Amino acid sequence: MADGGSSLFSGFRVLGLYSNHVPHALRYHLKHREFYVVTAAGRSFHTFNVNRLGIVAVSNCMSNDITCLAADRMLVFAASGRLVSAFARNKEVVMRYHGHQQDVRLLLPLGDQLISSDSGGDVIVWDVQGGDIYLRLHFDPNTFYVSAMMHPSTYLNKVLLGSSQGALQLWNIKTSKLLFTFKGWLAGVTVLQQSPAVDVVGVGTATGRIIIHNIRLDETLMSFMQDWGPVTSLAFRTDGPPVVASSSPQGHIAFWDLERRQLVTQQRHAHRTAVAAATFLQGEPLLVTNGADNAIKVWIFDQEGGGARLLRSRQGHSAPPTTIRHHGNDGKNILSAGQDGTLQSFSTVHERFNKNLGHGSINRRKEQKKKKGLTYKELCLPAIISFSSAVARQSDWDGIVACHRGRQATTTWNYQRCTMGAHHLQPPGGRRDSVATAVDITSCGNFAVIGSSCGRVDIYNLQSGLHRGCYGDEEKAHSSVVRGVATDTLNQLTLTAGFDWLLKFWRFKTKKQEEQLKLSSAPASMMLHRDSGMLALALDDFTVVVVDIETRRIVRKFAGHHGNINDMTFTPDGRWLVTVAMDCTIRTWDLPSGCLVDCFLVAMAPVGVSLSPTGDFLATAHIDSLGVYLWTNKSLCGPVGLHPLPADYQPAVETLPGVMPVEPEQEVTSEEADNAYQSAEQLGTELVTLSLLPESRWTSLLNLDAVKKRNKPAAPPVAPPTAPFFLPTLPGLTPRFSLPAATEGQSKMLIGSLLQTSEFCSVLEEAGRSGSFDCPLRLLKDCGPAALSVELTCLTSEGGGANSLLLAFIHMIDSMLASGRDFDLAHAYLALFLRLHLRSLSQDAVAMAALLRLSGRLEVVWAELRASFDQSLCLLSYTKSALL
């Protein structure tokens, strides 16, 4: 059997995803007067403000990963495979551009056009608003493979194309003509960038050469050479100093002085991986960079000698995280250790509270580093495989202890200072081939218990970093690798689990073994819930056993995973145990009943899991994903119906947080359009249906005289007298103009009027003979209050109509009341009709008889409505006053 996903957890958001290898796009908002940077993150893009690097919006997901980005003043353009989409308000897709046969690699907005280039050699110019193809150019990839595009400043309708063969071409996209071909510099072009000077562009090549070229004269002004490989991006300063910045795949950035034609300074290791893009803000000494190391950085040039320093940044893991744990009792911070060797803290409240504790190093003193002559990579410690944290004494000394892959010594970290700690904890006289495999910090924050691959379990004082003893005879607690260590709340017991299938209980102070428990398989990991005294062990046979440390017996055993169990966590009350495994499932076990109560699948296998101390969020880390995913606990928001799941339960796939499912585009056929549901004009003949017209169209019909009197102008408009071509003057020494005598206005009177029958009268007369009044009613609905009054006035013979039209109008109102449709209009029209023609109707016996029948129908309809109203009011009054 299968279900629709998780009954207990719902996807909320993803933390720590900022950027990938796609170059960013920079845009300026005129109304906000602020710069925004747009970065790709998988199938969606994120928008950050440059002032604070706070996230502004996350776009809707595309069908595939985004391959390139571009932005203009209003829209953001993103390419995904062969499809190009335009996003408004940084989120919604407003236009899709179909036409490419290969994957799109380059985008260039140019006024009302968008230029895109794909890997097959097609360059298409699109109309941004309509989505039509304005121009299509095809290049042979073997002779001219388009690798860069740029619009030269002040060159109307011109675009400069660079190729991987080295040549450049200048095209007029309006006339579809090739204007000029530049031979190139015997190296593939990787970047084209407009300089602040007109006609001068910067060209970056695959060999690392940077050329400043005048395209008007076809003359190279200067060139530079960077030694770090191909040029990935170029950026010119526009705030004064003539400096150009070039980036490299090594993560370094070089700054070149265009006046002195030399290297000014360089920023090494600006990013851990290749710099995807670097852009100077217009008129400001700020440089925005992003890279595949999942980082966005803003650099400011305020250093002596033209150097830059890091002003602000947003960065996550450059390699997938392996271990995550909540830090603190409020559940607002998540510690994450990644394969990149860094230890970071992500805040669930706001990104400005994120912390990067940095990369572990072998020796922190620069003098000793220089003496040893070690490189940057040799000084870095391997990735953290396990860590433990405590908040009890973190303000006094280091509160985090971490084990590194392949190293015997463990490191301490300080959360408040966001740095690596002062101690390297290493057992005295230990074997050099052993490595630290498990770690735990006591609840008081004073001691750290560390297990190693040789079977040792050592205890250290965190304040001094001194060794305080070890467990077991002959300094070995187990005969094989230690897989897990834990201490209880009061520092009375120490629990260790080893690959020898044994779980051992030790007295913390005396370090003597009290008891041991034989397991059914080798344990892979261990997790202790200190408040309840429940110890969960994940075994190599894909089962989980729960041991009560008071009775020291196995109280629960859970089986159901079909892969290695990577991590597990308890809820704050100790009622549920959440486990994650390589079978891509996240399972929740209920300890009191011993049953599986929730299970769902995810797209990528989870490697780490942690439940907040408040129980509101579940955090997971996954294979090949750089983010930390948050799931909300639905049981805190309302009652959740959980029931035991059967053994053959087939879980459904739950979408990861922050990854919205993409609905494929569907074309609506004419058959589907005809079969589409349309609401009926009236649900039933016994019901009363009101019109959809606004109230102003019928409520003011009886007050038209008051409205006209209120809106009547104080005086009729008077046309100004026409001035003569030659202005007359009066005789005398002083020149004075002669003013014309005021003339009395003459009123134009209408001597006669030609009376003619209106369209409504003709249609009403024909409807009176046929008995169908839909057409005249439709005409009245289109009239305004004043026009409606004129139409009803013209029904009599004095207004150009006939007495038969009065009778036809009465029959029309009668049919409206009989059908129950347009109930409000029928009463409004009837009230105005009687006000205008009641005196004429009283002299017509046939019309009076029709009015009497209409009066009887009105009384019947109102009696039914009154009964329904009274019944509803009575029920409502009883509900409000009754003691329930």
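An account of the accompanying structure is given in this report.

## As for the overall build of the chain
Move 1: For the chain, the count of helices and strands is 10 helices and 58 strands.
Move 2: For the chain, whose C-alpha radius of gyration is 41 Å, the value lies well above the compact-globule estimate of 29 Å for 884 residues.
Move 3: Across its three principal axes, the chain shows a C-alpha extent of roughly 125 × 90 × 65 Å.
Move 4: Considering the chain as a whole, with its 884 residues, one finds that 48% of them fall into the buried category.
Move 5: Counting contacts in the chain only where the partners sit at least 6 residues apart, residues at least 24 apart contribute 45% of the total.
Move 6: A total of about 44,900 Å² of accessible surface is found on the chain, and carbon and sulfur atoms cover 53% of it.
Move 7: Placing the 81 positive and 79 negative side-chain charges of the chain at their respective mean positions leaves the two points 10 Å apart.

## Thoughts on a nonpolar patch on the surface
Move 1: A contiguous nonpolar surface patch, about 420 Å² in accessible area, is contributed by Trp862, Phe869, Leu873 and Leu876.
Move 2: Relative to the helices and strands, leucine 873 is located in helix α10 (residues 845-881).

## Focus: the sheet that holds strand β17 (residues 177-182)
Move 1: The four strands are arranged β14-β15-β16-β17 in an open sheet whose pairing can be described as antiparallel. Lying at the two open borders of the sheet, with one neighbouring strand each, are β14 (146-150) and β17. Neighbour-to-neighbour, the strand axes of this sheet turn through a mean angle of 25°, independent of strand direction.
Move 2: The pairing of β14 with strand β15 (residues 158-163) spans four bridges and is classified as antiparallel. Each residue of the ladder has a partner; that of alanine 148, found in β15, is glycine 162.

## Overview of the sheet that holds strand β19 (residues 200-205)
Move 1: Strand order in the open sheet formed by four strands is β18-β19-β20-β21, and the pairing between neighbours is antiparallel. Edge positions in the sheet fall to β18 (189-194) and β21 (219-225), since each has one partner strand and no second. Taken pair by pair, the neighbouring strands of this sheet meet at an average axis angle of 20°, ignoring direction.
Move 2: The pairing of β18 with β19 spans five bridges and is classified as antiparallel. The residue of β19 that forms the bridge with glutamine 193 is glycine 202.

## A word on the packing of helix α8 (residues 803-819) against helix α9 (residues 823-841)
Move 1: Relative orientation of the contacting elements α8 and α9 amounts to 155°, with a least axis distance of 10 Å. Comparing their axes, α9 and α8 come out roughly antiparallel. Taken as a pair, α8 and α9 cross one another with a handedness that is left-handed. Contacts between α8 and α9 involve Leu806, Phe809, Ile810, Ile813, Met816 and Leu817 from the first element and Phe823, Leu825, Ala826, His827, Tyr829, Leu830, Phe833, His837 and Leu841 from the second.
Move 2: Looking at the contact of α8 with α9 residue by residue, the class counts come to 13 nonpolar, two polar and no charged.

## Some words on the packing of aromatic side chains
Move 1: Inspection of the entire model under this criterion finds 17 aromatic pairs.
Move 2: Judged by centre distance (4.8 Å) and plane angle (65°), the ring pair of phenylalanine 180 and phenylalanine 182 falls under edge-to-face.
Move 3: Under the relative-accessibility criterion, phenylalanine 180 is labelled partly exposed at 38%.
Move 4: Relative to tryptophan 862, the ring of phenylalanine 823 has its centre 6.1 Å away and its plane inclined at 65°; by these criteria the two rings are edge-to-face. With a gap of 39 residues between them, phenylalanine 823 in helix α9 and tryptophan 862 in helix α10 connect regions that are remote in the sequence.

## With respect to the side chain of threonine 411
Move 1: By the element assignment, threonine 411 lies in strand β36 (residues 410-414).
Move 2: Within the structure, threonine 411 has its side chain in polar contact with the side chain of tryptophan 413 (distance 2.9 Å).

## Overview of the nonpolar core
Move 1: Counting residues in hydrophobic clusters, the biggest one holds 37 residues, and the most contacted among them are Leu764, Leu795, Phe809, Ile810, Ile813 and Tyr829.
Move 2: For this core, the secondary structure elements donating two or more residues are α5 (759-770), α6 (774-782), α7 (785-793), α8, α9 and α10.
Move 3: Apart from residues no more than four positions distant in its own chain, isoleucine 810 is found in contact with Phe833, Leu841, Ala847, Ala850, Leu851 and Leu854.

## Re the pattern of salt bridges
Move 1: Under the defined criterion, the tally for this structure stands at 22 salt bridges.
Move 2: A salt bridge links arginine 52 to glutamate 34, with the nearest nitrogen and oxygen atoms 3.9 Å apart. One end of the pair, arginine 52, is in the loop between β4 (44-49) and β5 (55-58); the other, glutamate 34, is in strand β3 (residues 34-41), and 18 residues separate them in sequence.
Move 3: For glutamate 34, a relative accessible area of 11% corresponds to the buried category.
Move 4: For glutamate 351, the salt bridge goes to arginine 314, with nearest N and O atoms at 3.9 Å. Remark: arginine 314 occurs in strand β29 (residues 309-315) and glutamate 351 occurs in the loop between β32 (342-347) and β33 (355-359); sequence separation between them is 37 residues.

## A look at α7
Move 1: Considered for burial, the residues of α7 that qualify are Pro785, Leu788, Ser789, Glu791 and Leu792. Each buried residue of α7 lies within a common arc of 160° when the element is viewed along its axis, so the set occupies one face.
Move 2: Elements in contact with the buried residues of α7: α4 (704-711), α5, α6, α8 and α9.

## Some details on unusual backbone geometry
Move 1: One non-glycine residue, arginine 261, lies in positive phi territory at about 55°.
Move 2: Along the chain, arginine 261 falls in the loop between β24 (253-257) and β25 (262-267).
Move 3: The phi torsion at aspartate 624 lies on the positive side, around 60°, for a residue other than glycine.
Move 4: Tracing the backbone through its elements, the reader meets aspartate 624 in the loop between β55 (617-622) and β56 (628-633).
Move 5: Given the relative accessible area of 66%, aspartate 624 is considered exposed.

## What about the packing of α7 against α9?
Move 1: The interhelical angle for the contact between α7 and α9, taken along N-to-C directions, is 50°, at an axis separation of 10 Å. Judged by the angle between their axes, α7 and α9 are oblique. For α7 against α9, the interelement crossing comes out right-handed. Mapping the contact onto sequence places Leu788, Ser789, Leu792 and Thr793 in α7 and Tyr829, Leu832, Phe833, Leu836 and His837 in α9.
Move 2: Within the contact of α7 with α9, the residues separate by chemical class into six nonpolar, three polar and no charged.

Definitions and cut-offs
- Residues numbered from 1 in each chain as written.
- Predicted model: local features only at pLDDT ≥ 70, side-chain atom pairs only at ≥ 80, totals over all residues.
- Heavy atoms only, no water.
- Helix = DSSP H or I, 4+ residues; strand = E, 2+ residues; numbered from the N terminus.
- Rg over C-alpha atoms; globule rule 2.2 N^0.38 Å.
- Buried < 20%, exposed > 50% of the residue type's maximum accessible area, 1.4 Å probe, protein only.
- Contact = heavy atoms within 4.5 Å.
- Areas by Shrake-Rupley, 256 points an atom, 1.4 Å probe, with all protein chains shown as cover.
- Lys, Arg positive; Asp, Glu negative; His and termini not counted.
- Charge placed at Lys NZ, Arg CZ, Asp CG, Glu CD.
- Patch = residues over 30% accessible without salt bridge, like charges linked within 9 Å, V, L, I, M, F, W, Y side chains within 5 Å.
- Salt bridge = Lys/Arg side-chain N within 4 Å of Asp/Glu carboxyl O.
- Pairing = 2+ DSSP bridges.
- Axes fitted to C-alpha atoms, helices over the stretch in contact; angles between N-to-C directions.
- Parallel < 35°, antiparallel > 145°, perpendicular 65-115°, else oblique.
- Left-handed = near helix turned anticlockwise from the far one by under 90°.
- Nonpolar A, V, L, I, M, F, W, Y, C, P; charged D, E, K, R; others polar.
- Phe/Tyr/Trp six-rings, centres within 6.5 Å; stacked < 30°, edge-to-face > 60°.
- Polar contact = N/O pair within 3.5 Å; in protein donor to acceptor, adjacent residues only side chain to side chain.
- Core = buried A, V, L, I, M, F, W, Y, C linked by side-chain atoms within 4.5 Å.
- Arc of directions from axis to C-beta.

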